[in-house]
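# Structure assessment
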Amino acid sequence: MKDVSRLLRRQKVLAKFRQVARALRTYLSENALLPAQVNTKYGYDDYQYVYQHEATLKALTPENRTAWIEDQFLSMGLETHRHAFACSTGVCENVYAVLRAPRADGSESLVLTSAWANERLKSANVYGVLSTLSLAKFWKRFSYWAKDVVLVVGDNVESLEGWVDAYHTPQQGVAFARAGSIQAALHLEFPVFYFKSLGIEYDGYLGQQPNLDLINTVHRIATANSVHVSLHGDGDLGSRDDANDYEAALLRLLHAIGDQARAQPSGPHAAFKSYGIDAITLRGLEDVSTPHLTSINTLATVLESTFRSLNNLLEKFHQSFFFYLLSSAEHFASIMVYIPAAILLNVSLLVAALGIWLETGDAHAPVPHDHTANERPVAAPLATLVAAFAWGGATVLFTSSTEHRVAMTVLATLVAVASPKPTTATHRHLLACFALTTTALTLLAVSTIHYARALVAVTALALPWLAIAHARSGSPALAIALLMHPATLVAVLPSVALTLGSDTFPAIGVAVNAVHGVVGMMGPALFWGLYAPVVAAVWPRMARC
C-alpha cells in the first residue's frame, strides 16, 4: 500500500508539472493583431522584381549602390530621402522611403530595414535588400494602410543605428523627413535566396526585449506558411521545438540567459528598443538540420501578413510580456517564474550574513539596562570594505585596458595581504558579514535592471562565498581567492593554455572558453566593480585574520 500511495503522489506531482507546462505556452494578448487571418496578395508579378534585379544588385559597388536604391524608390513613386553621417568606417549612408498612409493622419508608422553588410554575413545582404524593394513596390498599390510604412536600406548595421538616432533626435538646421511615431520595426538579413529556417533574433542592450506579442505574431504567421522558425537566429539549438525535449529546452534557456548577459546584439533591432520601439531581426539560416527549404518569395508573403497584422494595432504593444525566457518558439517562462532563482541565491547570502552577525555578538553578556545592542568593532571592517570597493570603482572608471585592470587587482591583493593583521578574529567575521550583505544587495538591485548578468554573477560567487564565510580559518579564503582571482582567469589561464596548447590538453581550452564566457556575461562593470574587489581584496584580507 505504501508503494501505491507513493506512486499516486508521484503521478499527482507529474500532473501538476504538465499543467504548469501547458500554462506556459505562448499566446497573443493583443486580439487586434489577428495573425495569419488575411488573404495575402503577393504573387508571381511581385516576386518577378527579385528575379529581374538580382544580377544587377550583385554587380553594384559601394560607390553606386546608394544612387541605384534611390532611383528604385523614386521610380515607384515613393517619397525618398537620403541620410548620411560620419561613422567608424568613414561616411555611412542610408536611403529611406516613406509610404504615406492615405487614410490616416500620419501619427503612427511601421519600419522595415535592411543593410548591405553585416559582420556575421558571409556575403552581401542581397535578398534582404531585394525583399525590401519588392515589398515597397507591392505595398504602394494598396490603400488599406492605417499607418505610414518607412523602408530603410543602409550601408551596414551602424548606419541603420545612426538613422534610428537621427529619427528621434532632431538637430537644428538639419533637414530630416519623418513619418509618425514608430510602433514596430523588422530588420532583414537574407544573403541567400533559399534558406532552411527563419531565425528570430530579439535580445537588445542591457537585457531589453521586445513585447512577446511581436515574436508570437511572426512565429504564427511563419508557421501558417510552413516556414520553419529558429529562436535567437541560432541554427539547430533554436530549431528543436519538441515540447518534450527537455534537454533542448534547458540548453535554449541557458542560451537565452547568455545572450541577454552578453548584451551585444548584432542587429539594429536593439537600437529601436533603446527608444521604446519593439523590433526584431529576421535571418535566413542555412546551417539547420531540417528538411524545410524556404524561398525569399515565401518570406515576402510572411512579411506582408506580418505588416498587415501590425497595421491593425490600435496602440503600442503593451499587453503581453516584456521580460521572458523562451524555452521553445511556443513555450516561455515569465519574469515571475525565473527571477526567484536570482533572488533566492542572493537571499542565501543575506541569511549567511545575518548568521555571522549574530555569532559576533556575546551571547553570555548581560543585557544593558537601556536595552541597547552589544557593541561590535565595526569601524575597521567597514573601512576595509569601503577601500576595496573604492578600488574597484577606480578600476572601472579610470582604466580601460585589461592589462591595467589586472595590474590594479594584483596590487589590491598585495595590499590586502601585506596590511597589518587585525588583533581580533571578530574583524574577519564582520568583514565577511558586511561584504556578503553588500554583494547580495548590489546583485538584487542589478537583477531588477539586468537579470541575466545578476544571475551569472551570483552563481559564480554564491558557493565560494558561503564556503569562505563559514570556514574556521583563513586558508580556504586565500586558496579560493587565488583560484578565482581576476588575474588567474583573465591572464594566467589563457597564457597556460597558449603555452601547453589546447590541442594537447583539450580540458584547458574548454576551461578558457568557459571562463571567457562567464567574464563576458558579467560585463565589465560587475566583473571589475564587484567581483574583483570581493575576490582580490576582501577574501585575501579575510585570510589574514
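Quick notes on the rules
Residues numbered from 1 in each chain as written. Predicted model: local features only at pLDDT ≥ 70, side-chain atom pairs only at ≥ 80, totals over all residues. Heavy atoms only, no water. Helix = DSSP H or I, 4+ residues; strand = E, 2+ residues; numbered from the N terminus. Buried < 20%, exposed > 50% of the residue type's maximum accessible area, 1.4 Å probe, protein only. Contact = heavy atoms within 4.5 Å. Areas by Shrake-Rupley, 256 points an atom, 1.4 Å probe, with all protein chains shown as cover. Expected span 1.5 Å × (residues − 1). Polar contact = N/O pair within 3.5 Å; in protein donor to acceptor, adjacent residues only side chain to side chain. Disulfide = S-S within 2.5 Å. Phe/Tyr/Trp six-rings, centres within 6.5 Å; stacked < 30°, edge-to-face > 60°. pLDDT = per-residue confidence, 0-100. Axes fitted to C-alpha atoms, helices over the stretch in contact; angles between N-to-C directions. Parallel < 35°, antiparallel > 145°, perpendicular 65-115°, else oblique. Left-handed = near helix turned anticlockwise from the far one by under 90°. Salt bridge = Lys/Arg side-chain N within 4 Å of Asp/Glu carboxyl O. Pairing = 2+ DSSP bridges. Patch = residues over 30% accessible without salt bridge, like charges linked within 9 Å, V, L, I, M, F, W, Y side chains within 5 Å.

Of the regular secondary structure elements, the chain holds 18 helices and 12 strands. With 545 residues in all, the chain has 51% of them scored as buried. In the chain, the proportion of contacts linking residues at least 24 apart, taken out of those at least 6 apart, comes to 81%. Summing over all exposed atoms, the chain offers an accessible surface of approximately 25,500 Å²; the carbon and sulfur share of this is 60%.

On to helix α6 (residues 212-224), then. Here α6 contains 13 residues, and its C-alpha end-to-end distance of 18 Å stays within 8% of the 18 Å for a straight helix at 1.5 Å per residue. In terms of burial, α6 is largely enclosed, as 10 of its 13 residues are buried. Those residues of α6 lying buried are Leu-212, Asp-213, Leu-214, Ile-215, Asn-216, Thr-217, Val-218, His-219, Ile-221 and Ala-222. The distance from a side-chain oxygen at the start of α6 to the backbone nitrogen of Asp-213 is 3.0 Å, and the residue carrying that oxygen is Asn-211. Following α6 by one or two positions, Ser-226 has its phi on the positive side, about 60 degrees.

Our next topic: the state of the cysteines. As used in these notes, a disulfide is a covalent bond between sulfur atoms, one from each of two cysteines. In this structure the tally under the stated criterion is 1 disulfide. A sulfur-sulfur separation of 2.0 Å characterises the disulfide bridge that pairs Cys-87 with Cys-92. Here Cys-87 and Cys-92 share a disulfide; its torsion about the S-S bond, 85 degrees, makes the bridge right-handed. Taken as a pair, Cys-87 and Cys-92 share a single burial class, namely buried.

A few words on the packing of aromatic side chains. Using the criterion set out here, one finds 27 aromatic pairs in the structure. Judged by centre distance (6.5 Å) and plane angle (40 degrees), the ring pair of Tyr-42 and Tyr-47 falls under tilted. An angle of 65 degrees between the planes, with centres 5.6 Å apart, marks the rings of Tyr-96 and Trp-163 as edge-to-face. Residue Tyr-96 is located in strand β2 (residues 90-99), and its partner Trp-163 is located in helix α5 (residues 157-168); the two are separated by 67 residues in the primary sequence.

As a further point, take the confidence of the model for the chain. Per-residue pLDDT for the chain averages 83, and the proportion of residues at 70 or more is 87%. Considering each helix and strand of the chain separately, the mean pLDDT is smallest for helix α7 (residues 235-239), with a value of 51, and largest for strand β4 (residues 148-154), with 95.

Let us now look at the packing of helix α14 (residues 426-449) against helix α15 (residues 451-469). At a closest axis distance of 9 Å, the pairing of α14 and α15 adopts a crossing angle of 165 degrees. One finds that α14 runs roughly antiparallel with respect to α15. Helix-helix and strand crossings are classified by hand; for α14 and α15 the assignment is left-handed. Side by side, α14 and α15 meet where Arg-428, Ala-432, Ala-435, Leu-436, Thr-439, Leu-443, Val-446, Ser-447 and Ile-449 of the first sit next to Tyr-451, Ala-454, Ala-457, Val-458, Leu-461, Trp-465, Ile-468 and Ala-469 of the second.

For α5, built from 12 residues, the straight-helix expectation of 16 Å at 1.5 Å per residue is met to within 8% by its first-to-last C-alpha distance of 17 Å. All buried positions along α5 are accounted for by Val-157, Ser-159, Leu-160, Gly-162, Trp-163, Val-164, Ala-166 and Tyr-167. In the core, the buried residues of α5 are packed alongside β1 (79-87), β2, β3 (108-115), β4, β5 (181-189) and α9 (269-273). The backbone nitrogen of Glu-158 has a side-chain oxygen 3.2 Å away, supplied by the residue at the start of α5, namely Asn-156.

The subject of this paragraph is the pattern of salt bridges. A complete count under the given rule lists 12 salt bridges for this structure. The salt bridge involving Arg-82 is made with Glu-93; its shortest N-O contact spans 3.2 Å. Taken as a pair, Arg-82 in strand β1 and Glu-93 in strand β2 lie far apart in primary sequence, 11 residues in all. Relative accessible area serves as the criterion here: at 40%, Arg-82 is assigned to the partly exposed category. Overall, Glu-93 belongs to the partly exposed group, its relative accessible area being 22%. One continuous salt-bridge network, built from bridges that share partners, spans Glu-70, Arg-82 and Glu-93.

Attention now moves to the sheet that holds strand β7 (residues 197-201). To summarise the sheet geometry, strands pair through backbone hydrogen bonds and adopt either a parallel or an antiparallel arrangement. Here 8 strands make up an open sheet; going across it, the order is β1-β2-β4-β3-β5-β9-β7-β8 and the pairing mixed. Both edges of this open sheet fall to β1 and β8 (229-231), since each of them pairs with a single strand only. Direction aside, neighbouring strands of the sheet carry axes that sit 25 degrees apart on average. Where β5 meets strand β9 (residues 278-285), 6 bridges bridge the pair, whose relative direction is parallel. What sits directly across from His-187, in β9, is Thr-281. Across the sheet, α5 lies against β1, β2, β3, β4 and β5, angled at about 110 degrees from β1, the strand it touches most. Lying over the sheet, helix α10 (residues 296-311) contacts β3, β4, β5, β7 and β9, oriented at roughly 170 degrees with respect to β5.

The grouping of Phe-323, Ile-335, Met-336 and Val-337 at the surface amounts to a nonpolar patch, some 390 Å² of accessible area in total. Inspection of the secondary structure assignment puts Met-336 in helix α11 (residues 335-360). The exposure class assigned to Met-336 is exposed, which follows from its relative accessible area of 66%.

With that out of the way, let us pick up the pairing of β5. Burial analysis of β5 places 8 of its 9 residues in the buried class, the great majority of the element. Relative to β5, β3 runs parallel, the two being bridged by 7 bridges. Residue pairing across strands places Ser-109 opposite Ile-182, the latter belonging to β5.

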